[in-house]
Every structure is written in C-alpha cells, then in structure tokens.
Amino acid sequence: MDRIKAEVVDCGKRLDVFLSERAGFTRSAAQKLLENGCVAVNEKIAAKNYKIKESDEVRVEMPEPRVVNAEPQNIPLDIVYEDEDIIVVNKPQGMVVHPAAGNFDGTLVNALMFHTKGNLSAMNGVIRPGIVHRIDKDTSGILVVAKTNAAHLSLAEQIKAHTVTREYICLIHGGTNWDELTVDKPIGRDPKDRKRMIAGASVLKDGRDAVTHFSVKQRYQGYTLLGCRLETGRTHQIRVHLKSIGKHIVGDPVYGLKEDRIAKSAGLCGQLLHAQKLGFIHPATGKYVEFTSALPDYFLCILDKLQAL
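Small disclaimer: the values here were computed from a predicted structure and weren't measured.

A. Highlighting the pattern of salt bridges. According to the stated counting rule, one finds 11 salt bridges in the structure shown. Put simply, glutamate 61 and arginine 59 hold a salt bridge, and the shortest N to O gap is 2.7 Å. A relative accessible area of 45% places glutamate 61 in the partly exposed class. The salt bridge partner of lysine 277 is glutamate 167, with a shortest N-O separation of 3.7 Å. In this pair, lysine 277 is assigned in strand 14 (residues 273-281) and glutamate 167 in strand 8 (residues 165-173), connecting sequence segments 110 residues apart. Accessibility expressed as a relative area gives 26% for glutamate 167, which makes it partly exposed.

B. Summary view of the pairing of strand 8. For strand 8, a buried count of eight out of nine residues is recorded, marking the element as mostly surrounded by other parts of the structure. Relative to strand 14, strand 8 runs antiparallel, the two being bridged by six bridges. Bridged to isoleucine 169 within strand 14 is histidine 274. In terms of strand pairing, strand 8 meets strand 13 (residues 223-230) through seven bridges, oriented antiparallel. Across the sheet, isoleucine 169 pairs through a bridge with glycine 227, a residue of strand 13.

C. Looking closely at a positive patch on the surface. There is a patch of like positive charges on the surface, built from Arg128, Arg134, Arg189 and Arg194. Structurally, arginine 134 is set in the loop between helix 3 (108-115) and strand 7 (140-146).

D. Focus on helix 1 (residues 15-23). Where helix 1 is concerned, the buried positions are Leu15, Asp16, Val17, Phe18, Leu19 and Ser20. If you follow the buried residues of helix 1, they end up packed against strand 1 (4-5), helix 2 (27-35), strand 2 (39-41) and strand 4 (57-60).

E. Focus on the environment of lysine 147. Here lysine 147 is to be found in the loop between strand 7 and helix 4 (149-160). By relative accessible area, lysine 147 is classed as buried at 17%. Once the C-alpha coordinates of lysine 147 and glycine 118 are considered, the two residues, 29 residues apart in sequence, prove to be 9.0 Å apart. Setting aside chain neighbours within four positions, we find lysine 147 in contact with Glu82, Asp83, Glu84, Asp85, Ile86, Ile87, Thr116, Asn119, Leu120 and Ser121. At 2.6 Å, the side chain of lysine 147 forms a polar contact with the side chain of glutamate 82. A distance of 3.0 Å separates the side chain of lysine 147 from the backbone oxygen of aspartate 83, its partner in a polar contact.

Quick notes on the rules
- Residues numbered from 1 in each chain as written.
- Predicted model: local features only at pLDDT ≥ 70, side-chain atom pairs only at ≥ 80, totals over all residues.
- Heavy atoms only, no water.
- Salt bridge = Lys/Arg side-chain N within 4 Å of Asp/Glu carboxyl O.
- Buried < 20%, exposed > 50% of the residue type's maximum accessible area, 1.4 Å probe, protein only.
- Helix = DSSP H or I, 4+ residues; strand = E, 2+ residues; numbered from the N terminus.
- Pairing = 2+ DSSP bridges.
- Patch = residues over 30% accessible without salt bridge, like charges linked within 9 Å, V, L, I, M, F, W, Y side chains within 5 Å.
- Areas by Shrake-Rupley, 256 points an atom, 1.4 Å probe, with all protein chains shown as cover.
- Lys, Arg positive; Asp, Glu negative; His and termini not counted.
- Charge placed at Lys NZ, Arg CZ, Asp CG, Glu CD.
- Contact = heavy atoms within 4.5 Å.
- Polar contact = N/O pair within 3.5 Å; in protein donor to acceptor, adjacent residues only side chain to side chain.

The structure is reproduced here in structure tokens:
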C-alpha cells in the first residue's frame, strides 16, 4: 500500500493504533501485521512497540492471500437429522462453521466434508460448501446444511423471506422490567472495530434492518433466562440487540461485561447462547419440519446453581 506520513497529532501513538486510525485496520489485524514483519517505518521493519514520531513514513506490505479449500477431516458430529437433501447438526460451542482467516481447519465444514464424502451444495464455493446460515463460534446449537444446490436455493429463499423459525435461549446478567420485548434496530459494522457490530440510529445509513423478539423464560437472583426469536439473521444479532438495551449475555467475550464472575468461576469458553429450535419447509417434500436441541450440560449446570440460590 502507499506510504502514510505521520502528522503532529500522531506523535507518541503506538504503531498499531496509528494503523487502526489512519489505514483502517482493526487493532488485532495491525498487531498481526507487525508480528509478521509486514510494517516498515522509514523503510525499516518496525518493532511491535514502536511509537510514532513526526514525519515518520509508514508502509505496509500486505501478505499474499492464502488459498484455502475445505478439506475433509474426521471430526465427530452430533447429527440431529439427515436425508439426501439436507443435514441438521448440533454445533458445539467453540467450533467455527467454515474455514476463514485464523481457522483453516477443524471447522464444521471440514467435518461435514468427511461425513458426506464431499456431497454438499456448491452454491457457496469451496470454502463454505453447503452452508446456508451460520451461528457464531462460541454459540452452540442447531443449524441446517444443504447437500444439493436445489435444497440450498430453497433454504436461502426461506431465510430471505423471514419464514424460517429460529429460536435461541440465553442467560443475561440482571433482571428486566418486561416479560416480552421486540428490538427493531438496524445493525452495522462498528467503525471503531470492524470485527464488532453496533445497533441503532448511528448505523441507519449503512446498517441492515434487524428485528429480535425476546421473552422471559425464567428469573433468577441477578440473572434472567431469555427466549430469543429471530425475524432477521444479522451478524451477532441477539448479542448486539441486547447490548443496545443495556443487557449482556453471560460469558460473552465481545459484547459482555468486563467483570463476569459467574462465567469466570464456571470456566466458560463463550457466551451462554444456544440455538434451540429450527423450523423450515423441507426443500424436497414441501412439508414444514422442526428440530430442537437440548441445552448443553455446562449451560444446565449454571442454571441449576442459580435455581438453588
């Protein structure tokens, strides 16, 4: 990329902060580039802790993109249902859905490629074969994968038309003064951190419509169990909509509380958010089908402890 010349206002800033502000990288991406020796200041490879001086010239050499194919891997799958057209799986917390930067193997797609011998729809190419919709790495629960292109097109159209039933369960900090609540706020990228999303009027120009219906399932001392029904399916939708109304899911490392004692004491590796129910018109039969997934043991264990308080 072109050289970026530092100005007086940049003096004293760490190089990763400078790159984030002036070149549009996320802080983590900037730090990775520094670690890999891709950043030069005044034509010399820069140290990670370098601080900007006036008139410094910063240049970034972007590494060559890695060509990735989803390779079959013999990874156990929790299969809820399977036929010639679709496969419904229960994804564990911590598993990425498809290969991407930083996660080139060990994903759900790698496992599915092995299980189906590569018989997945080709609509999303070699990186995301069969993937019609996703759930976050640290969210557990149910999702459907297309084996054929026809099934993929049918499911994608249903998702676009908002006719797919998608219900989640989550545990949040604190109580609520409502039993049911609909959050209708557009969601877009956080301009300060491109890996995060934000909701509300500030993203009206670039955001996408997003609607989540919340309902109280159980109240505990200091916590509330919520049902969450998605009308749309935006990135991090439930987590972002909750944050926008001042609520945080237990264990959420991105949108949650900084001091999350219950998550720390339980050794959680992610948020207590579970995709519990999925319903849609079967692409081949034309009949409505619905699948459910029980809460994982670690989730139930925390609920049992709260119930005993």
